[in-house]
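Residue-level structural notes
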Amino acid sequence: MIVNKPLVLTYLYLLIYVVLSSGVILYNKWVLSPKYFNFPYPITLTMIHMAFSGGVAFVIVRVFKVVTPVKMTFEIYATCVVPISAFFAASLWFGNTAYLFISVAFIQMLKALMPVATFFMAVLCGTDKARCDVFANMVLVSVGVVISSYGEIHFNVIGTLYQVTGIVAEALRLVLTQVLLQKKGLSLNPVTSLYYIAPCSFVFLFVPWYLLEKPEMEVSQVQFNFWIFFTNALAALALNFSIFLVIGRTGAVTIRVAGVLKDWILIALSTVIFPESTITGLNITGYAIALCGVVMYNYLKVKEQRASQLPEAIPERMTKDWKLEKKSSDIYSPSNSGDNGVGNGVGLSSDIKVDEEAPLIPSRLSHIGRSQLGNYSS
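What counts, and at which threshold
- Per chain, residues are indexed from 1 in the order of the written sequence.
- Note on the predicted model: pLDDT of at least 70 is required for a residue's local features to be given, and 80 or more for side-chain atom pairs to be given and counted; whole-chain, interface and lining totals, by contrast, use all residues.
- In computing side-chain values, all of the structure's heavy atoms are included and hydrogens and water are not.
- Helical segments are the DSSP runs of H or I of at least four residues, strand segments are the runs of E of at least two, and each set is numbered from the N terminus.
- The rule is simple: take the accessible area with a 1.4 Å probe, protein chains only, and divide by the maximum for that residue type; under 20% is buried, over 50% is exposed, in between is partly exposed.
- To obtain an axis, a line is fitted to C-alpha atoms, over the contacting stretch when the element is a helix, and the angle between two such axes runs from 0 to 180 degrees between their N-to-C directions.
- Each angle receives one of four descriptions, namely roughly parallel if under 35 degrees, roughly antiparallel if over 145, roughly perpendicular if within 65 to 115, and oblique otherwise.
- Note on convention: the crossing is left-handed when the near helix lies turned anticlockwise from the far helix by less than a right angle, right-handed when the turn is clockwise.
- The contact criterion used throughout is that any non-hydrogen atoms of two residues lie within 4.5 Å.
- All amino acids are sorted into three groups, where Ala, Val, Leu, Ile, Met, Phe, Trp, Tyr, Cys and Pro are nonpolar, Asp, Glu, Lys and Arg are charged, and the leftover types, Gly among them, are polar.
- Expected span of a helix: the number of residues minus one, times 1.5 Å.
- Polar contact is defined as a pair of N or O atoms within 3.5 Å, subject to the rule that within protein one atom must be able to donate a hydrogen and the other to accept it, and that residues adjacent in sequence are counted only when both atoms are side-chain atoms.
- Whenever Lys or Arg places a side-chain nitrogen within 4 Å of a carboxyl oxygen from Asp or Glu, that contact is recorded as a salt bridge.
- The pairing test for Phe, Tyr and Trp rings, Trp by its six-membered ring, is centres within 6.5 Å, and the orientation test on the planes gives stacked under 30 degrees, edge-to-face over 60, and tilted for anything in between.
- Remark: nonpolar core denotes a set of buried residues (Ala, Val, Leu, Ile, Met, Phe, Trp, Tyr, Cys) joined through side-chain atoms within 4.5 Å.
- One confidence number per residue, pLDDT, is output by the predictor and ranges from 0 to 100.

Some thoughts on the overall build of the protein
Along its length, the protein carries 13 helices and 3 strands. The buried share of the protein, taken over its 378 residues, is 48%.

Right under this line is the structure:
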């Protein structure tokens, strides 16, 4: 029996991604929940993640010099990295705080609103156009989330507001990444993304931590468990690189399907690990409706992407002889798969919306060795 090693490796990467993504979310819930590890300080937990990730990136870039830093000017840092880091910190802060009030399952259902928030922010910022077909999908997603929320037994207004605010902040970060960084042609891989953004996000989180959590932690005299926080931060960091590997071997459709599968697995696991999380039939019905809208939206985006590449393919065939006289580097950048540069869906470039749990992973990739900034979960 002949084993297709590349295919096996691809499925292995997908499995690692699903396990790590689900594991990080469940681990964070367990750490923050008063019923379990009882560390109800989401800003502190997020700062630990930022410090750990930034430290690892610093060692890789500056000590071992495995990755070369980009030419970052003060103007680019102040106008691009700083605002992106601010919204990144806000999305993690509000998203993690939601774990204190609502269940993991309901949080995943609310996350179906991410395409809605991103679409409307993109329209407001002028990076996307308002279209009837996309708007209809957004309405379907919103209706599904409303139905799911109505069926939530332990509905909490505060937790829901925290989660929705985190989604809006993340949508703004994604749009700003496209508007600010990509227009300036700044190319960052996952390591350099962490190197520049994690320390800045840590600084932004310090102010609310000092005002909101530090006084409370001093009164309660919290005892830190080194291994709990170390493994938690390590899992979050590993998730970044696992998604980078997945995108390097698959296309937009695969990563989106894997994300939907992961959400269903996570909802099921959360009800087993956290028995207090009760799912009703109305929850499932609403979430299924929302996912239909998300799937349709993803289909439209993939269709758009392929259509945008089509005009380039026709003249390419017509001028084949001329291209043979050019250097290969002037024509295309080959993908890591060994295909002709477009075979695996990430040859030239792919608009891929990746897991919101790992926002420092690129949203546009040409191949596994070169990327631009994109979507590290906490």
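From this point on, the discussion continues.
Points about the packing of helix 5 (residues 114-125) against helix 6 (residues 132-150)
At a closest axis distance of 9 Å, the pairing of helix 5 and helix 6 adopts a crossing angle of 140°. As the angle between them shows, helix 5 and helix 6 are arranged oblique. By crossing handedness, the relation of helix 5 to helix 6 is classed as left-handed. Of the residues in helix 6, those touching helix 5 at Pro115, Val116, Phe119 and Phe120 are Val134, Phe135, Met138, Val141 and Ser142. Residue composition of the contact of helix 5 with helix 6, grouped by class: 8 nonpolar, 1 polar and no charged.

A few points about helix 7 (residues 157-181)
A rise of 1.5 Å per residue sets the reference length of helix 7, with its 25 residues, at 36 Å; its end C-alpha atoms lie 35 Å apart and thus fit the reference within 8%. Residue Asn156 occupies the N-cap position of helix 7, its side-chain oxygen lying 3.0 Å from the main-chain nitrogen of Ile158.

As for the packing of helix 2 (residues 42-63) against helix 8 (residues 190-220)
Where helix 2 meets helix 8, the axes come as close as 7 Å, and the angle between the chain directions of the two elements is 150°. Taken together, the axes of helix 2 and helix 8 lie roughly antiparallel to each other. Read as a crossing pair, helix 2 and helix 8 show a hand that is left-handed. Of the residues contributing to the contact of helix 2 with helix 8, the split by class is 20 nonpolar, 5 polar and 2 charged.

Description of unusual backbone geometry
For Asn38, which is not glycine, the phi torsion reads 60° and is therefore positive. Relative to the elements of secondary structure, Asn38 occurs in the loop between helix 1 (5-32) and helix 2. Judged by relative accessible area, Asn38 falls into the partly exposed class, the value being 44%. The phi dihedral of Lys65 is positive, around 55°, even though this residue is not glycine. Tracing the chain through its elements places Lys65 in the loop between helix 2 and helix 3 (74-97). Given the relative accessible area of 63%, Lys65 is considered exposed.

Observations regarding the pattern of salt bridges
Side-chain pairs of opposite charge can arise whenever the charged atoms involved come near each other. Overall, the coordinates contain 5 salt bridges when judged by the stated rule. Glu304 is paired through a salt bridge with Arg131; the nearest N and O atoms lie 2.0 Å apart. Taken together, the positions of Glu304 in helix 11 (residues 281-318) and Arg131 in the loop between helix 5 and helix 6 put the pair 173 residues apart, joining distant regions of the chain. Residue classification places Glu304 among the partly exposed residues on the basis of a relative accessible area of 31%. The partly exposed category is assigned to Arg131, whose relative accessible area is 26%.

Comments concerning the packing of aromatic side chains
Under the defined criterion, the tally for this structure stands at 23 aromatic pairs. Aromatic pair Tyr36 and Phe274: ring centres 5.2 Å apart, planes at 75°, arrangement edge-to-face. Here Phe274 lies in the loop between helix 10 (252-273) and helix 11 and Tyr36 lies in the loop between helix 1 and helix 2, a separation of 238 residues in the sequence. Residue classification places Tyr36 among the partly exposed residues on the basis of a relative accessible area of 29%. Through a chain of ring-to-ring contacts, the aromatic side chains of Tyr27, Trp30, Phe37, Phe39, Tyr41, Phe224 and Phe229 assemble into a single cluster.

Side note on the nonpolar core
If you look at the biggest cluster of nonpolar residues, it comprises 72 residues, and the most contacted ones within it are Val104, Ala112, Val141 and Val145. The dominant element in this core, judged by the number of residues it contributes, is helix 8, at 9 residues. Leu14, Tyr17, Val18 and Leu239 belong to the second largest nonpolar core, which has 11 residues in total.

Quick look at the environment of Ala171
As for its position among the elements, Ala171 is in helix 7. We classify Ala171 as buried; its relative accessible area is 0%. Separated by 55 residues in sequence, Ala171 and Val116 place their C-alpha atoms 8.9 Å apart. In this structure, Ala171 is in contact with Met114, Ala117, Thr118 and Met121, ignoring residues within four places of it in sequence.

Some points on the confidence of the model for the protein
Mean pLDDT for the protein: 80, with 80% of residues reaching 70 or above. The lowest-confidence element of the protein is helix 13 (residues 328-331), averaging 33 in pLDDT; the highest-confidence one is helix 2, averaging 95. When the criterion is pLDDT under 50, residues 312-357 qualifies, and its contacts beyond four places in sequence or with other chains add up to 87 contacts. Here residues 359-378 is a poorly scored stretch, pLDDT under 50, and it has 120 contacts once near neighbours within four places are set aside; other chains count.

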